[in-house]
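For reference, the chains in residue letters:
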Amino acid sequence: MNHPMMNPFWGHLTGVVTVLLMLVFIGIWIWAWRKRHRSTFKRMSELPMEDKPEGPAPGAPDADTNNKGRQP
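The rules behind these values
Residues numbered from 1 in each chain as written. Predicted model: local features only at pLDDT ≥ 70, side-chain atom pairs only at ≥ 80, totals over all residues. Heavy atoms only, no water. Helix = DSSP H or I, 4+ residues; strand = E, 2+ residues; numbered from the N terminus. Buried < 20%, exposed > 50% of the residue type's maximum accessible area, 1.4 Å probe, protein only. Areas by Shrake-Rupley, 256 points an atom, 1.4 Å probe, with all protein chains shown as cover. Phe/Tyr/Trp six-rings, centres within 6.5 Å; stacked < 30°, edge-to-face > 60°. Polar contact = N/O pair within 3.5 Å; in protein donor to acceptor, adjacent residues only side chain to side chain. Contact = heavy atoms within 4.5 Å. Salt bridge = Lys/Arg side-chain N within 4 Å of Asp/Glu carboxyl O. Patch = residues over 30% accessible without salt bridge, like charges linked within 9 Å, V, L, I, M, F, W, Y side chains within 5 Å.

Novice: Please give an account of the overall build of the protein chain that cites residues and values.
Specialist: When helices and strands are tallied, the protein chain shows two helices and zero strands. Within the protein chain, buried positions represent 1% of all 72 residues. When the accessible surface of the protein chain is totalled, it reaches about 7600 Å², and 66% of it is carbon and sulfur.

Structure representation (structure tokens):
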């Protein structure tokens, strides 16, 4: 009984796909570790430590809604 997926072509295809995905991963890794990205990533790593988040607070009512006459 010869299964169609036992063809040597599929073994070569999966090997090529594996190598391509590995090269993409290594390329992204090299891109992320370049010196010119260091300042951006440093700034992004400090965002959770900021005292005042930028933008409206989560769950806060929108500033555009009409809240006249309401007590906070």
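Novice: Outline the packing of aromatic side chains, listing residues and values.
Specialist: Across all of its chains, the model carries three aromatic pairs by this definition. On the numbers, 5.2 Å between centres and 70 degrees between planes, the contact of Phe9 with Trp10 is edge-to-face. Take Phe9: its relative accessible area is 47%, and that puts it in the partly exposed class. Judged by relative accessible area, Trp10 falls into the partly exposed class, the value being 34%.

Novice: Please provide a residue-by-residue account of the side chain of His37, values included.
Specialist: Relative to the elements of secondary structure, His37 occurs in the loop between α1 (8-32) and α2 (38-46). A distance of 2.7 Å separates a polar atom in the side chain of His37 from the backbone oxygen of Trp31. Leaving out residues up to four positions away in the same chain, His37 has contacts with Trp31 and Ala32.

Novice: Any details on the pattern of salt bridges? Residues and values, ideally.
Specialist: Enumeration over the complete set of coordinates arrives at two salt bridges. The salt bridge involving Glu46 is made with Lys42; its shortest N-O contact spans 3.0 Å. Of this pair, Glu46 and Lys42 both sit in helix α2, four residues apart, which is roughly one turn of that helix. What makes Glu46 partly exposed here is its relative accessible area of 35%. Close ionic contact of Arg43 with Glu50 constitutes a salt bridge, the shortest N to O distance being 2.6 Å.

Novice: Give me a nonpolar patch on the surface: which residues, what numbers.
Specialist: A surface patch of nonpolar side chains, about 1100 Å² in accessible area, is lined by Val16, Val19, Leu20, Met22, Leu23, Phe25, Ile26, Trp29, Ile30 and Trp33. Take Phe25: it is sitting in helix α1. The class of Phe25 is exposed, set by a relative accessible area of 56%.

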